Amino acid sequence: MTVGVRFAPSPTGRLHVGNARVALVNWLFARKHGGSFLLRLDDTDLERSTREHAEAIERDMEWLGLKHDRFARQSDRMDRYALAIEKLKASERLYPCYETAEELDLKRRSRLARGLPPIYDRAALTMSAGDRAKLEAGGQRPHWRFLLESGDVTWDDLVRGPCHFHGAHLSDPILVREDGRPLYTLTSAVDDIELGIDHVIRGEDHVANTAVQIQLFQALLDGREGGSVPVFAHLPLLVDAVGGALSKRLGSLALEGLRADGIEPMAVNSLLAHLGTADPIQPFRRLDDLVAGFDLKRFGRAAPHFDPRELNQLNAKLLHITPYAEVAQRLAAMGLGGAGDGFWLAVRGNVQRLADVKDWWDVCQGAIRPALDDPDLTRAAAELLPGEPWDDRTWGQWTGAVAAATGRKGKALFMPLRRALTGRDHGPELKSLLPLIGRARAAARLTGKAA
Ligand code: GLU
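Keep in mind that this is a model prediction, so the values were computed, not measured.

Undergrad: So what's going on with the overall build of the protein? Residues and values would help.
TA: What the protein contains, in helices and strands, is 19 helices and ten strands. Computed over its C-alpha atoms, the radius of gyration of the protein comes to 31 Å, more than 25% above the 22 Å expected for a compact globule of 451 residues. A separation threshold of at least 6 residues defines the contact pool for the protein, and within that pool the share at least 24 residues apart is 77%. As presented, the protein carries roughly 21,500 Å² of accessible surface, and 51% of it is formed by carbon and sulfur atoms. For the protein, the distance from the average position of its 60 positive side-chain charges to the average position of its 60 negative side-chain charges is 5 Å.

Undergrad: Can you explain the sheet that holds strand E4 (residues 94-97)? Please cite residues and give values.
TA: Within a beta sheet, neighbouring strands are joined by backbone hydrogen bonds and run either parallel or antiparallel to one another. In spatial order, the strands read E4-E5-E8; together these three strands make up an open sheet with antiparallel pairing. The open sheet terminates on both sides in strands that have one partner only, identified here as E4 and strand E8 (174-176). Pairwise comparison of adjacent strand axes, ignoring direction, gives a mean angle of 45° for this sheet. Of the pairings in the sheet, the one linking E4 to strand E5 (residues 143-146) comprises four bridges and is antiparallel in character. In the sheet register, tyrosine 95 faces E5, and the bridge partner there is arginine 145. Most of the contacts of helix H3 (residues 78-90) go to E4, to which it runs at about 90°, and overall it touches E4, E5 and E8.

Undergrad: Please provide a residue-by-residue account of the pattern of salt bridges, values included.
TA: Scanning all chains against the criterion turns up 38 salt bridges. The partner of glutamate 149 in a salt bridge is arginine 93, and the shortest N-O contact between them spans 3.5 Å. A residue pair is termed long-range when its members are at least 10 positions apart, and glutamate 149 in the loop between E5 and strand E6 (153-157) and arginine 93 in the loop between H3 and E4 qualify at 56 residues. A residue is classified by how much of its surface remains accessible, and arginine 93, at 12% relative accessible area, is buried. Close ionic contact of aspartate 179 with arginine 181 constitutes a salt bridge, the shortest N to O distance being 3.3 Å. Through salt bridges with shared partners, a single ionic network connects Arg6, Arg40, Asp42, Arg77, Arg80, Asp191, Asp192 and Glu194.

Undergrad: Go over the environment of glycine 35 with me, naming the residues and quoting the values.
TA: Along the chain, the position of glycine 35 falls in the loop between helix H1 (17-32) and strand E2 (36-41). Sequence separation of glycine 35 and threonine 2 is 33 residues, and the distance between their C-alpha atoms is 5.1 Å. What glycine 35 contacts, discounting residues up to four positions off in sequence, is Val3, Ala30 and Asp69.

Undergrad: Explain the pairing of E6 residue by residue, including any values.
TA: Burial along E6 is one-sided: the residues Val153, Trp155 and Asp157 are buried and none of Thr154 and Asp156 is. In the sheet, E6 pairs with strand E7 (residues 161-165) via five bridges, with the strands oriented antiparallel. Looking across to E7, one finds that valine 153 is bridged to phenylalanine 165. Between E6 and E7, which pair antiparallel and follow one another directly, the connecting turn spans three residues.

Undergrad: Quick rundown of the packing of aromatic side chains? Include the residues and the values.
TA: One pass over the full model with this rule turns up seven aromatic pairs. Three or more aromatic residues link up through ring pairs in this structure, and these residues are Trp155, Phe165, Phe217 and Phe232. The ring of tyrosine 120 has arginine 145 sitting right over it, with the charged end atom 3.8 Å from the ring centre. Between arginine 259 and the ring centre of tryptophan 63, over which it is positioned, the NZ or CZ distance is 5.3 Å.

Undergrad: Run through the side chain of arginine 77, naming residues and quoting values.
TA: Relative to the assigned elements, arginine 77 resides in the loop between strand E3 (70-73) and H3. Polar contacts involving the side chain of arginine 77 include one to the side chain of glutamate 194, which spans 3.0 Å. When near neighbours in sequence (up to four residues on either side) are disregarded, arginine 77 contacts Val190, Asp191, Glu194 and Leu195.

Undergrad: Now, about the site of the ligand: what can you tell me, with residues and values included?
TA: Taken together, Arg6, Ala8, Pro9, Ser10, Asp42, Tyr184, Ser188, Arg202 and His206 are the residues near the ligand. Here a nitrogen atom of the ligand and a side-chain polar atom of serine 10 are 2.9 Å apart. In this structure, histidine 206 approaches the ligand through a side-chain N or O atom, which is 2.9 Å from an oxygen atom. Across the shell around the ligand, the residue classes tally to three nonpolar, three polar and three charged.

Definitions and cut-offs
- Residues numbered from 1 in each chain as written.
- Predicted model: local features only at pLDDT ≥ 70, side-chain atom pairs only at ≥ 80, totals over all residues.
- Heavy atoms only, no water.
- Helix = DSSP H or I, 4+ residues; strand = E, 2+ residues; numbered from the N terminus.
- Rg over C-alpha atoms; globule rule 2.2 N^0.38 Å.
- Contact = heavy atoms within 4.5 Å.
- Areas by Shrake-Rupley, 256 points an atom, 1.4 Å probe, with all protein chains shown as cover.
- Lys, Arg positive; Asp, Glu negative; His and termini not counted.
- Charge placed at Lys NZ, Arg CZ, Asp CG, Glu CD.
- Pairing = 2+ DSSP bridges.
- Axes fitted to C-alpha atoms, helices over the stretch in contact; angles between N-to-C directions.
- Salt bridge = Lys/Arg side-chain N within 4 Å of Asp/Glu carboxyl O.
- Buried < 20%, exposed > 50% of the residue type's maximum accessible area, 1.4 Å probe, protein only.
- Phe/Tyr/Trp six-rings, centres within 6.5 Å; stacked < 30°, edge-to-face > 60°.
- Lys NZ or Arg CZ within 6 Å of the ring centre and 35° of its normal.
- Polar contact = N/O pair within 3.5 Å; in protein donor to acceptor, adjacent residues only side chain to side chain.
- Near = heavy atom within 4 Å.
- Nonpolar A, V, L, I, M, F, W, Y, C, P; charged D, E, K, R; others polar.

In structure tokens:
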């Protein structure tokens, strides 16, 4: 049997790094086990779901390279949820309740004040048919709760290990709203069963949902041919560098924002695939290269720290090992179509973001402000410039001649030349840059005639 996993975002906001981690882990799990990866949009919350967010989610997934094998949208599956609701009503696991939100809030607070778990007291179960009819006649519509069984719920979590919930501490969840619309707790379980999801890998904010959903799975599977309660794995949520919840900063950690900021998708994937494991964080150029080393067992229970500085460093390291063919098109789109692989190989070790190549292109072919700290030296050096063609041996030959003629060596020789030729103290090796700058431009810069 093939493994089936899903990533199920609600299109009520943009994807951020925390979502991306769950998506990636599911994707890797599917690839590792030859399974299928479903992208499911949990869009039953009509007030908050938007088409714009849904489209952004698909764009972000494509950007990360996390292609789905199957796609589903909950709003297309309302008839399936209606059938599930009928089934649960028929087996008397759904019961109508009429409390208003204010009443429920009062009850909850009074239980908390008495030191009791704030679960629903099941008052609706004691209502008579007459009580209900009276309320309905007055125009009140019920919402529907799932009747939990009193036993404890246990499962073997692939990340958290054995999990145990006391049935008495769980509240009967509302599965259907007053207006008849099904809620996530139900729709997710129906889909997981019907779409063949056998491993549910999600954030640990869903642990309590799992306890009730296990009972719901059992009720929905009852009398059904095939299907079983999925295996669960709950990943700890990411925290910021000082241990605070990431949720406060999610805006700046949206994938869309990272993309606009010039972060490479494989930098995000490389970081998220190993964050929270004991494995070293290092750049991987292809998702496929992450599959071999993937093992869900390597993910720990401790909340991993997400540090944007680590992402920045990884982004730079990734670019430093990226071959020209993989950036050629993007360089062309930046107007650097003619730059060529010599240019890329010369400068890639000095960029944090791909856009940084623009500066180095200006150093090679554009206008810069040369710094002439030692005019005697640079004038003499200009006179000793050899004739073209130049290659990466030219620098050594030329500076050897300049050293012999001027008696300068080491930093006193190289720094004034670097600052005159590039306008900067640091940068790529000059033996690679010099042929790209070319003789005419080098001569002009060394003598302060032009940029
Ligand atoms: N739509 C839910 C969420 O975004 C999915 C949770 C789940 O994976 O079941 O939190």
